[in-house]
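One letter stands for each residue in the lines below.
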Amino acid sequence: MLLSRHQVLARRERDPERLERSAYLLLSRIDTQGPMSIGQLAEAFGLDTSTVNRQTAALLRCGLAERVADPDGGMARKLRITAEGARRLAGDREVNRSCLARVVADWSPEEVRELEDVLVRLNRSAEALEGRYWPRAEEGDPRIACRPPVPQPSVAPAPTEPATPTP
């Protein structure tokens, strides 16, 4: 909760036009998974369709998402992220990354990797309990937003002594 509050405060300090939390979550899901109906979004987040309808209406009004025909040929219209929505989402992701990088700035690369591993495990365990899995982009995909930059050592490691054979 403290980390989340830190990111929210930093986001507001830098730019009051940053996405609301619900917009960020919905756009992230649509960006990762592709066009989705209101019903699919409601199911994915475990929310009532009326709640998601209100949230997506705000996305549509702001030009962050648009309604499109179902790419799979279904009857329901789906929501797709717009270029403006993608731009704003990328901006918020960068702010989140930089905030997290500041938090772990004095950590070793090993500590940052350990945090990443534990957070992945925590997220997957929570998903398993809820039965709702978050689609993940492939490794190397620039949309992966939760990974802070791994700090690089600023000093070259000292040369190691050659190993002495044990008798």
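Residues numbered from 1 in each chain as written. Predicted model: local features only at pLDDT ≥ 70, side-chain atom pairs only at ≥ 80, totals over all residues. Heavy atoms only, no water.

**Concerning the pattern of salt bridges**
Okay, step 1: The final tally for this structure, using the stated rule, is seven salt bridges.
Okay, step 2: The shortest N-O distance in the salt bridge between Arg 80 and Glu 66 comes to 2.8 Å. With a gap of 14 residues between them, Arg 80 in strand E2 (residues 78-81) and Glu 66 in strand E1 (residues 65-68) connect regions that are remote in the sequence.
Okay, step 3: Classification of Arg 80 by relative accessible area gives partly exposed; the value is 38%. (Salt bridge = Lys/Arg side-chain N within 4 Å of Asp/Glu carboxyl O. Helix = DSSP H or I, 4+ residues; strand = E, 2+ residues; numbered from the N terminus. Buried < 20%, exposed > 50% of the residue type's maximum accessible area, 1.4 Å probe, protein only.)

**Overview of the environment of Leu 25**
Okay, step 1: Inspection of the secondary structure assignment puts Leu 25 in helix H2 (residues 21-33).
Okay, step 2: Separated by 20 residues in the primary sequence, Leu 25 and Phe 45 have C-alpha atoms spaced 9.2 Å apart.
Okay, step 3: When near neighbours in sequence (up to four residues on either side) are disregarded, Leu 25 contacts Phe 45 and Trp 134. (Contact = heavy atoms within 4.5 Å.)

**Here's the deal with a negative patch on the surface**
Okay, step 1: Residues Asp 106, Glu 111, Glu 114 and Asp 117 make up a contiguous surface patch of negative charge.
Okay, step 2: Along the polypeptide, Asp 117 turns up in helix H6 (residues 109-130). (Patch = residues over 30% accessible without salt bridge, like charges linked within 9 Å, V, L, I, M, F, W, Y side chains within 5 Å. Areas by Shrake-Rupley, 256 points an atom, 1.4 Å probe, with all protein chains shown as cover. Lys, Arg positive; Asp, Glu negative; His and termini not counted. Charge placed at Lys NZ, Arg CZ, Asp CG, Glu CD.)

**Digging into the confidence of the model for the chain**
Okay, step 1: Confidence along the chain averages 80 in pLDDT terms, with 72% of residues attaining 70 or more.
Okay, step 2: A low-confidence stretch, residues 139-167 (pLDDT under 50), is modelled with 33 contacts involving residues beyond four sequence positions or located in other chains. (pLDDT = per-residue confidence, 0-100.)

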